[in-house]
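# Examining the three-dimensional arrangement
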Amino acid sequence: MWDLLNTGGPMMYPLLLGSILVATFALERTIHFFRASSGTPAARQIHALIENGRIENALALAQQSPGPVAAVLEAGLAHAGKNRKELEEEVILVGNSEIKRLNQHLDLIELISRTAPLVGILGTVLGMVTAFQNVADAGGSANPAILASGIWEALLTTAAGLSVAIPAMIVHHLLEEKTQSLSFSMKQYATEAIKHLGK
């Protein structure tokens, strides 16, 4: 592996860093979303308690439950009895905060997925410049193998850039879909709760 890094040139190191960041944040986000989703079954129980008018029980369950959906319901329950507009403001405030937490690090993963191919191409261009410079330095006695070797080494960075970008794009897409799913659940449960809790 280290031989390939050294052979591919200096642009291989930013690509290596990018791949480590993508893997690290993908794991961190996966764990976060797993925990966030674990509170969804409790959200259904909380909603049922709200419909039955058991506000104190619903609030206690919301406080004990993990995840953004439970947090939004807790915000609504904590301000139960206020007029609907004030209640919506409180719920939206908490909801926006939870959405921001869900989106954490996703921008960086997307940035790496977009820039990794460009970094790879830059490394290839720099490698090609070096390869042709070696041929020029060799003069008329240049061996075609010298050029072929230089091109092979230069193309390593393009392959590395795509190897980082493609998984990063897939990871970003999957995590973004999960974020949207949780955001939809938050809005759905919050809207229904406000109908029962607001004046």
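What counts, and where the lines are drawn
Residues numbered from 1 in each chain as written. Predicted model: local features only at pLDDT ≥ 70, side-chain atom pairs only at ≥ 80, totals over all residues. Heavy atoms only, no water. Helix = DSSP H or I, 4+ residues; strand = E, 2+ residues; numbered from the N terminus. Buried < 20%, exposed > 50% of the residue type's maximum accessible area, 1.4 Å probe, protein only. Areas by Shrake-Rupley, 256 points an atom, 1.4 Å probe, with all protein chains shown as cover. Contact = heavy atoms within 4.5 Å. pLDDT = per-residue confidence, 0-100. Axes fitted to C-alpha atoms, helices over the stretch in contact; angles between N-to-C directions. Parallel < 35°, antiparallel > 145°, perpendicular 65-115°, else oblique. Left-handed = near helix turned anticlockwise from the far one by under 90°. Nonpolar A, V, L, I, M, F, W, Y, C, P; charged D, E, K, R; others polar.

Now for the overall build of the protein. Helix and strand content of the protein: eight helices and zero strands. Going from N to C terminus, the protein has its helices and strands arranged as α-α-α-α-α-α-α-α. Evaluated residue by residue, the protein yields a buried proportion of 38% over its 199 residues. Element-wise, carbon and sulfur atoms account for 62% of the exposed surface of the protein, whose accessible area totals about 11400 Å².

Here we come to unusual backbone geometry. Notably, His105 is not glycine yet its phi reads approximately 75 degrees, a positive angle. Relative to the helices and strands, His105 is located in the loop between helix H6 (84-102) and helix H7 (106-138).

Our next topic: the side chain of His172. Here His172 is to be found in helix H8 (residues 144-197). Given the relative accessible area of 8%, His172 is considered buried. When sequence neighbours within four positions are dropped, the list of residues in contact with His172 reads Leu106, Ile109 and Glu110.

It is worth spelling out the environment of Ala70 at this point. Mapped onto the elements, Ala70 comes out in helix H5 (residues 68-78). Sequence-wise, Ala70 and Thr40 are 30 residues apart; in three dimensions their C-alpha atoms are separated by 7.4 Å. In contact with Ala70, other than residues within four places in its own chain, are Ile46, Ala62 and Ser65.

Of the residues in the protein, 89% reach a pLDDT of 70 or more, and the chain-wide mean stands at 86. Within the protein, the element-level pLDDT minimum falls on helix H1 (residues 2-8), averaging 66, and the maximum on helix H2 (residues 12-37), averaging 92.

Contact geometry of helix H3 (residues 40-51) with helix H4 (residues 55-64) gives a least axis separation of 8 Å together with a crossing angle of 165 degrees. Classified by the angle between their axes, H3 and H4 sit roughly antiparallel to one another. The hand of the H3/H4 crossing is left-handed. Contacts from Ala42, Gln45, Ile46, Leu49 and Ile50 of H3 reach H4 at Ile55, Asn57, Ala58, Leu61 and Ala62. In terms of residue class, the contact of H3 with H4 is made up of eight nonpolar, two polar and no charged.

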